[in-house]
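# Examination of the molecular architecture
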Amino acid sequence: MRLYEYVARRLLLMIFVLLALSVLIFYLTRGLLPPTTALAAYITPRMDDSAKLSVARALGVATTSCPSYSAFVSLQGGCVVPLWGQYVGWLENALAGNWGLTLLPGISGTDTTWHVFFSRFPYTAELAIAGAFLTIIIGIPLGIVSATHNNKLPDHISRMVSLGGYSIPQFWFGAVLQILFVLYIRVNGSGLLSANSTVATRCVICFSGVVPGEIARYSGIPLLDGILSLNFPYFWDSVVALILPALTLAITSIGAISRIVRSSMMEVLRQDYITLARSKGLKENVVIYRHALRNAILPAVTVSGLLVAYLLGGAVIVEIVFSWPGVGNASLAAANVLDINFLELYVLVTAVIIVVTNLAVDVIYAKLDPRIRY
Amino acid sequence: MKASKPEESQSSDRYGRRADLKYALHLLRRNPIVLAGVTISVASVLLALLSPLIVNPTSWDQQPLNLRLCWNNPIVNWQIANVFNCGGSAVYPLGTDSYGRSLLQMIILAIPVDLEIAFEVVASAVVIGVFFGGLAGYKGGIVDEAILRVTDVFLAIPGILLAIVLIVVLGRSLPTLTIAVLTTWWPYYVRLMRSQVLSEKEKPYVERLRAMGAGDVRILYGHIVQNSIYPVLVQATLDIGSVILTVSALTFIGLTPSPLLPELGNLANQGIQYIFTAPWLILFPGLTILIISLGFNLLGDGIRDVFDPRLRR
């Protein structure tokens, strides 16, 4: 099979998986909860019953023969569209971006779910990317060192780090970091930007569409906005605010990736071509970093695909501990007020990201390792 | 397995499993870290079993009035030492919580709750994994494809998120929590068992069994599964800790049936609002989770060393 055939097959599978996933989520949220729960995002208290009924009809939840809204609420026979019919209507609305109004406390009914989600999502993305970055720059060297110093002190340290990372509750680690930093070292470790930085958000050199003196939001990601607007105090504040949450998020995956790199590195170091490289008189560093690492890093590439999924999920806990203004933090609020649409949107967006990343990783893997056939 | 320890291969041939057990004990003695893992995990299970005898199991619902008053009294100088000593530090070695209960007692009551959920989730996941994973690996073809695609769907959602949705939909209770975590956990076991069966079913003894006229069910669940289940059991041991982490994370963010429930994440949850005034509320329950899950991880690591001959060198 050629590469493009493989990619085409995977794309088809991807669409299938996403459709199946949407059915699952639809069934969980709409099939198991009464139809009025999801309707809450589309109706306002001020609407009269006929307006509510027409909204329900437009969404494909109530049938056209339904006499009144109260009949619909009491689930009168012939009033509620069967589930598969509801699914079609739901999917149409979902793909059109019609996710209703948000029910999140404080901003309930004033903004659309779609807008609330995507204005918060950059923060989560920033956290997840920073977590992945820390995982890679700490985890991979840790794995290499523990493989080259097998059963010596660096190996033991790396083993403790990885076992500790597997075993430590993330919320607890985050809380301990906060206690240490805030109570004793008195550094701003709460994950919130310091007070003067909100003022410093105003752009210095402004790109199109941003008026000088206004708050610069090109990407929504604070770190990136700080660079783009050449606002370095803001940039620095975002970096400082990011360190502890990102470390908390990465602590588990650092251990995982270092163990993977360690075992694959040890496997590679036993092979003949490494002995050859050494017998040619190459320096040990060259042997390890030029010859061995290239092959040993491959399994870590596969895992880094799963890493995204893991970090996006783990972000929920970290965001809550650090009061991070991302989607994970809002998802708990959404769960508390039964904002079904927000949760559905969150699940679907992360699922799309995970599925696409997995595909990309597999393709990159095949490019990196010519031995892989489809 | 036997070839990799030449110095014992003679006795191993003669005594078979007994020699393996002896070898495992030898490894245990040689490796203090694994010994620590065994000690911690056995101790936590014992503590969980004995917990109703140590602490009155209904005491979590009682909120001593004087302690509540001490906690919520604005006149009391709100300093860490004062609040910690609300009931006297000799009576309450780990301090009291915001409901005026002894934190140590609550932690002892919470350990069986968490361990029970963890064992339920892992055991169910192993059973599901052995059944469907074995089926997928052994049958191949469309059965394999169908089972794999279903796991794909579940693996495409971050576990915590799926669990949150499930708890919201099904309601907040301990069984729901178990089901929610199990829903995110089983696909890994199906994948793991499938890959084990795939490599095991090509071995000559399977051919021999088939030639002897053994049925598929007997070959798969009687022989192949028995020979390939060790990695699954190792994963199960490692996962006890991870399940406790996930469950406590979910209860920590507030997805519990009751804020009073003694459950390690739930105990830590009431600590987050007092994080800078009463840090022990989050420190000790979290530390308990860390120790228990570290114990099972060390145990799983040790078992893997014993059963995986490639790592013995």
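Here the structure is a predicted model, which is why all the values come from computation and not from measurement.

Let us look at the overall build of chain B. On a plain count of helices and strands, chain B comes out with 14 helices and zero strands. Sequence-ordered secondary structure for chain B, helices as α and strands as β, is α-α-α-α-α-α-α-α-α-α-α-α-α-α. Taken over 313 residues, chain B has a buried fraction of 52%.

Residues and elements named next belong to chain A. Per the counting criterion, the structure on display carries one disulfide over all chains. Note on cysteine connectivity: Cys66 is disulfide-linked to Cys79, with sulfurs 1.7 Å apart. One quick way to see it: the torsion about the S-S bond of Cys66 and Cys79 is about 65°, and its sign makes the bridge right-handed. Of this pair, Cys66 sits in the loop between helix 3 (49-58) and helix 4 (69-73) while Cys79 sits in the loop between helix 4 and helix 5 (83-95), and the two are 13 residues apart along the sequence. With respect to class, Cys66 is no different from Cys79; both count as buried.

Here the focus is the pattern of salt bridges. As a working rule, side chains carrying opposite charge can pair if their charged atoms are close by. Enumeration over the complete set of coordinates arrives at 12 salt bridges over all chains. A:Arg9 is the partner of B:Glu145 in a salt bridge, and the nearest nitrogen-oxygen pair spans 3.7 Å. You can see B:Glu145 sitting in helix 7 (residues 141-155) and its partner A:Arg9 sitting in helix 1 (residues 3-31), one on each of two chains. What makes B:Glu145 partly exposed here is its relative accessible area of 31%. Here A:Arg9 falls in the partly exposed class, since its relative accessible area comes to 42%.

Together, B:Val42, B:Leu46, B:Leu49, B:Leu50, B:Leu53 and B:Ile54 give the surface a local cluster of nonpolar side chains, amounting to about 620 Å² of exposed area. Following the sequence through the fold, B:Leu50 ends up in helix 3 (residues 32-54).

Before going further, it helps to examine the packing of aromatic side chains. What characterises a pair of aromatic rings is the spacing of the ring centres plus the angle enclosed by the ring planes. Within the structure shown, the criterion is met by 16 aromatic pairs over all chains. Plain terms: the ring middles of A:Trp114 and A:Phe118 are 4.8 Å apart, the flat faces sit at 50° to each other, and that makes the pair tilted. On the criterion of helical spacing, the pair formed by A:Trp114 and A:Phe118 is a turn pair, its members being four residues apart in helix 6 (residues 113-148). Look at A:Phe118 and you get partly exposed, because its relative accessible area is 33%. When the ring of A:Phe171 is compared with that of B:Phe252, the centres are 4.1 Å apart and the planes differ by 15°; the resulting orientation is stacked. Here A:Phe171 is found in helix 8 (residues 170-185), whereas its partner B:Phe252 is found in helix 12 (residues 230-252) on a different chain. The two residues A:Phe171 and B:Phe252 agree in class, both being buried. Site record: aromatic cluster; members linked through ring pairs are A:Trp114, A:Phe117, A:Phe118, A:Phe121, A:Phe342 and A:Tyr346.

Before going further, it helps to examine the nonpolar core. Within the largest apolar cluster, 144 residues are counted, with the highest numbers of intra-cluster contacts made by A:Leu21, A:Phe171, B:Ile164 and B:Leu250. Per element, the largest residue contribution to this core is 17 residues, and it comes from helix 6 (residues 103-139) of chain B. Among the nonpolar cores identified, the runner-up in size contains 17 residues, and A:Ile144, A:Met265, A:Val268 and A:Ile288 belong to it.

Criteria and cut-off values
- Residues numbered from 1 in each chain as written.
- Chains lettered and ligands numbered in written order.
- Predicted model: local features only at pLDDT ≥ 70, side-chain atom pairs only at ≥ 80, totals over all residues.
- Heavy atoms only, no water.
- Helix = DSSP H or I, 4+ residues; strand = E, 2+ residues; numbered from the N terminus.
- Buried < 20%, exposed > 50% of the residue type's maximum accessible area, 1.4 Å probe, protein only.
- Disulfide = S-S within 2.5 Å.
- Salt bridge = Lys/Arg side-chain N within 4 Å of Asp/Glu carboxyl O.
- Patch = residues over 30% accessible without salt bridge, like charges linked within 9 Å, V, L, I, M, F, W, Y side chains within 5 Å.
- Areas by Shrake-Rupley, 256 points an atom, 1.4 Å probe, with all protein chains shown as cover.
- Phe/Tyr/Trp six-rings, centres within 6.5 Å; stacked < 30°, edge-to-face > 60°.
- Core = buried A, V, L, I, M, F, W, Y, C linked by side-chain atoms within 4.5 Å.

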